[in-house]
Amino acid sequence: VQLQASGGGLVQAGGSLTLSCAASGRTFDSYGMGWFRQAPGKERDFVAGITWSGGSTYYTDSVKGRFTISRDNAKNTVYLQMNSLKPEDTAVYYCAAGYLLTPQTIDSASYYYYWGQGTKVTVSS
């Protein structure tokens, strides 16, 4: 699976962005998908995850109620809708694909096999 993330950019605090992650390969709908982010000088952190069917979603506490992850298996694409953006959301955002993710593993980067190249999000105050 190859992943291509897009949609990043510069936005003012309170604004919105939608990230997309297009996947190649015929088995996209077999993989759970996640979004992670890495701010300068910090580790890569889990943001949101979605199961292969889209039936379950998971979020880190700091984005709950503001971000929404979704997927369209017909288009081999996963999305991250980001609303009410804050300066602390500034980071490079990565999409990733993992197999047999569970609620206990979906937030752990080590369980994801494939990674996109990242798209930069900058939120100005």
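Structure's up top.
So, here's what we can say about the structure. Predicted model, so just to flag it, every value in this text is computed and none were measured.

**Looking at the nonpolar core**
Consideration 1: With 29 residues, the main nonpolar core has Met33, Trp35, Leu80, Met82 and Tyr93 as its most contacted residues.
Consideration 2: Looking at this core, the elements that each hand over two or more residues are strand S1 (2-6), strand S3 (17-24), strand S4 (31-38), strand S5 (44-50), strand S7 (67-72), strand S8 (77-82), strand S9 (91-99) and strand S11 (119-124).
Consideration 3: Phe36, Phe46, Ala96 and Ile106 belong to the second largest nonpolar core, which has six residues in total.

**Quick notes on the pattern of salt bridges**
Consideration 1: A complete count under the given rule lists three salt bridges for this structure.
Consideration 2: Put simply, arginine 37 and aspartate 89 hold a salt bridge, and the shortest N to O gap is 2.9 Å. Linking arginine 37 in strand S4 with aspartate 89 in the loop between S8 and S9, this pair joins segments that are 52 residues apart in sequence.
Consideration 3: Accessibility expressed as a relative area gives 13% for arginine 37, which makes it buried.
Consideration 4: Note on aspartate 89: relative accessible area 0%, which makes it buried.
Consideration 5: The partner of aspartate 61 in a salt bridge is lysine 64, with the nearest N and O atoms 3.0 Å apart.
Consideration 6: Residue class for aspartate 61 comes out exposed when judged on its relative accessible area of 61%.
Consideration 7: Among the residues examined, lysine 64 registers a relative accessible area of 49% and is labelled partly exposed.
Consideration 8: Taken together, the shared-partner salt bridges connect Arg37, Arg66 and Asp89 into one network.

**Section: the pairing of S5**
Consideration 1: S5 sits mainly inside the fold: five of its seven residues count as buried.
Consideration 2: Turn length for the S4-S5 hairpin, with the two strands adjacent in sequence and antiparallel, is five residues, and the turn residue glycine 41 shows positive phi of about 75°.
Consideration 3: For S5 and strand S6 (residues 57-59), the ladder comprises three bridges, and the chain directions are antiparallel. Bridge pairing in S6 places glycine 49 opposite tyrosine 58.

**A few points about the sheet that holds S7**
Consideration 1: Read across the sheet, four strands follow the order S1-S3-S8-S7 without closing on themselves; strand pairing throughout is antiparallel. Of all the strands in the sheet, the pair left with one neighbour each is S1 and S7. The average angle at which neighbouring strand axes cross in this sheet is 15°, direction not considered.
Consideration 2: Relative to S8, S7 is paired through six bridges, and the arrangement is antiparallel. Pairing of isoleucine 69 across the sheet is with leucine 80, part of S8.

**Brief notes about the state of the cysteines**
Consideration 1: This structure, assessed with the given rule, holds one disulfide.
Consideration 2: The partner cysteine of cysteine 21 in its disulfide is cysteine 95, sulfur to sulfur 2.1 Å. Taking the sign of the S-S torsion, 65° for the link of cysteine 21 and cysteine 95, the bridge is right-handed. Placement of cysteine 21 in strand S3 and of cysteine 95 in strand S9 is noted, with a sequence separation of 74 residues between them.
Consideration 3: Of the residues examined, cysteine 95 reaches a relative accessible area of 0% and is grouped as buried.

Thresholds applied
Along each chain, the written sequence defines residue order, and numbers are assigned to residues from 1. The predicted origin of the model limits local features to residues at a pLDDT of at least 70 and limits the giving and counting of side-chain atom pairs to 80 or more, whereas totals for whole chains, interfaces and linings rest on all residues. Just so you know, side-chain values use all the structure's heavy atoms and leave hydrogens and water out. Each nonpolar core is a collection of buried residues, namely Ala, Val, Leu, Ile, Met, Phe, Trp, Tyr and Cys, held together in the definition by side-chain atoms within 4.5 Å. Each residue is assigned to one of three classes by its accessible area relative to the maximum for its type, calculated with a 1.4 Å probe on protein chains only: buried under 20%, partly exposed between the two thresholds, exposed over 50%. Only DSSP runs of H or I covering at least 4 residues are called helices, and only runs of E covering at least 2 are called strands; the numbering of each starts at the N terminus. The rule for a salt bridge is simple: a side-chain nitrogen of Lys or Arg has to be within 4 Å of a carboxyl oxygen of Asp or Glu. Here the rule is simple: two strands pair whenever DSSP picks up at least two bridges between them. Only the stretch in contact is used when a helix axis is fitted, and all axes are lines through C-alpha atoms; the angle between N-to-C directions ranges over 0 to 180 degrees. The disulfide criterion is simple: two cysteine sulfur atoms within 2.5 Å.

Note that all results are geometric; they support no functional claim without further evidence.
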